[in-house]
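# Descriptive structure summary
Here's the letter readout for the chains.
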Amino acid sequence: MKKVVVLLLLACVCLPLSAASYRRSQDNSPKKHNLEIAYEISDYGYREPHMEYPIHITAKKQGISLVYTRVSVSSEEVTEEDPSFATLELRYMDGKADYDGYFVDGYGNGTPAQLYDEKDYYMEAALKIGRYYTLSDAMKLWPYLGIGWRSLRNGEDGCVDLGGGVCGETYQRTSTYIYVPIGLKWETNFGSAVKLSLNGQFDWLLRGNQSSHTTMLVNSTNFSNKQDKGYGVRASAKLETNFGKMGVFVEPFWRYWKIQNSAEEWIYNMSDPTEPVEYVIEPFNITREYGIRAGITF
């Protein structure tokens, strides 16, 4: 993959030298339709730092993303009288995760434990709308907002031998966010075939839900915790080369989530469903991910 990224980066720099006959006009107007298909790789980390027994999950992820943008949404052609745009973004990332933390027994005692190569993947979809502002022949600003969805699945049902006949029971969890992306893209054209885009985005969490599939745990069934407080931040820098109707790009990125404690969820006695036994929460957590996208545009 590193060789592919290097080749695409060289293409972004060198192809303009041989693309003169394919270049679009010097007005640098955006394309009416633009589709990106990209391969992504990243380092992913999840932490619950404020717990008495903190945990840390790390993973190497890879996946694919599709981004489609339509400019001058209500017009047949691109026109300065209609500088609107709409973007649909889809993403899938997966990998094997390593867990470094503790198993806690019914008396609140923690035993250090590590798990390796757990299933871990997430999916995202976002619809963004906005308008662009032409600052000069070479520069544009693209502010936007929208609605987004993210779903992450981690873990497996199983039993880890902690020694002394003690079984550490593992389980699956699904984390789902509904959020509002608010962002700004700054775009600069170098000539008509090379473009640099810097993008910053704030993700305002509207609603989150943590589902714990605890089918192996005693006196417990699957339960969910609502998470309504938190936010995310994203940043990226994309270098793109266009030749004719196609192009190639590379884009380093950074993604971050900070989610506060969830609402309490009570666990009830299995023999008496009206009797609460204890409550559980999804604790304060931080997710960091950084990596690179590389792909083609149409």
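Every chain is numbered on its own, with residues counted from 1 as its sequence reads. Only residues with pLDDT of at least 70 get local features here, since the model is predicted, and only at 80 or more are side-chain atom pairs given and counted; chain-wide, interface and lining totals rely on the full set of residues. Side-chain measures here rest on the full set of heavy atoms in the structure, leaving out hydrogens and waters.

Taken over all residues, the pLDDT of the protein has a mean of 82, while the share at 70 or more is 76%. Values of pLDDT, ranging from 0 to 100, describe the predictor's confidence in every residue of the model. Working rule for contacts: check all heavy atoms of both residues, and any pair within 4.5 Å makes them a contact. Contacts from residues 2-26, a stretch scored under 50 in pLDDT, to residues over four places away or in other chains number 41 contacts.

Take empty space enclosed by the protein next. In this analysis the probe radius is 1.4 Å and the grid spacing 1 Å, with only protein atoms considered; a cavity is a set of points the probe fits into but cannot get out of, a pocket is an open set with protein on both sides within 12 Å along at least five of seven lines, and lining residues have an atom within 4 Å of a point. Grid points are joined across faces, edges and corners, and a volume is the space filled by probe spheres set on the points. Evaluated as defined, the whole model comprises 3 cavities of 30 Å³ or more. What the largest cavity holds in volume is close to 840 Å³. The biggest single contributor to the lining of the largest cavity is strand S12 (residues 230-243), with 6 residues. By volume, the second largest cavity is sized at about 60 Å³. Contributing to the lining of the second largest cavity are Tyr44, Tyr46, Arg150, Leu152, Arg173, Ser175, Tyr177, Gln210, Gln227, Glu282, Asn285 and Thr287. Helical segments are the DSSP runs of H or I of at least four residues, strand segments are the runs of E of at least two, and each set is numbered from the N terminus.

Right, let's get into the side chain of Ser72. Within the secondary structure, Ser72 is located in the loop between strand S2 (55-71) and strand S3 (84-104). Apart from the residues within four sequence positions on either side, Ser72 is in contact with Lys32, Glu77, Val78, Thr79, Asp82 and Ser84.

Structurally, Arg293 is set in strand S16 (residues 285-297). Whenever two N or O atoms come within 3.5 Å, that pair is a polar contact, provided that in protein one can donate a hydrogen and the other can accept it, and provided that, for residues adjacent in sequence, both atoms are side-chain atoms. Only 3.3 Å separates the side chain of Arg293 from the side chain of Glu36, close enough to count as a polar contact. One polar contact links Arg293 to Glu251, side chain to side chain, over a distance of 2.4 Å. Excluding anything up to four places from it in sequence, Arg293 contacts Glu36, Ala38, Tyr39, Glu40, Ser65, Val67, Arg91, Phe249, Val250, Glu251, Phe253 and Arg255.

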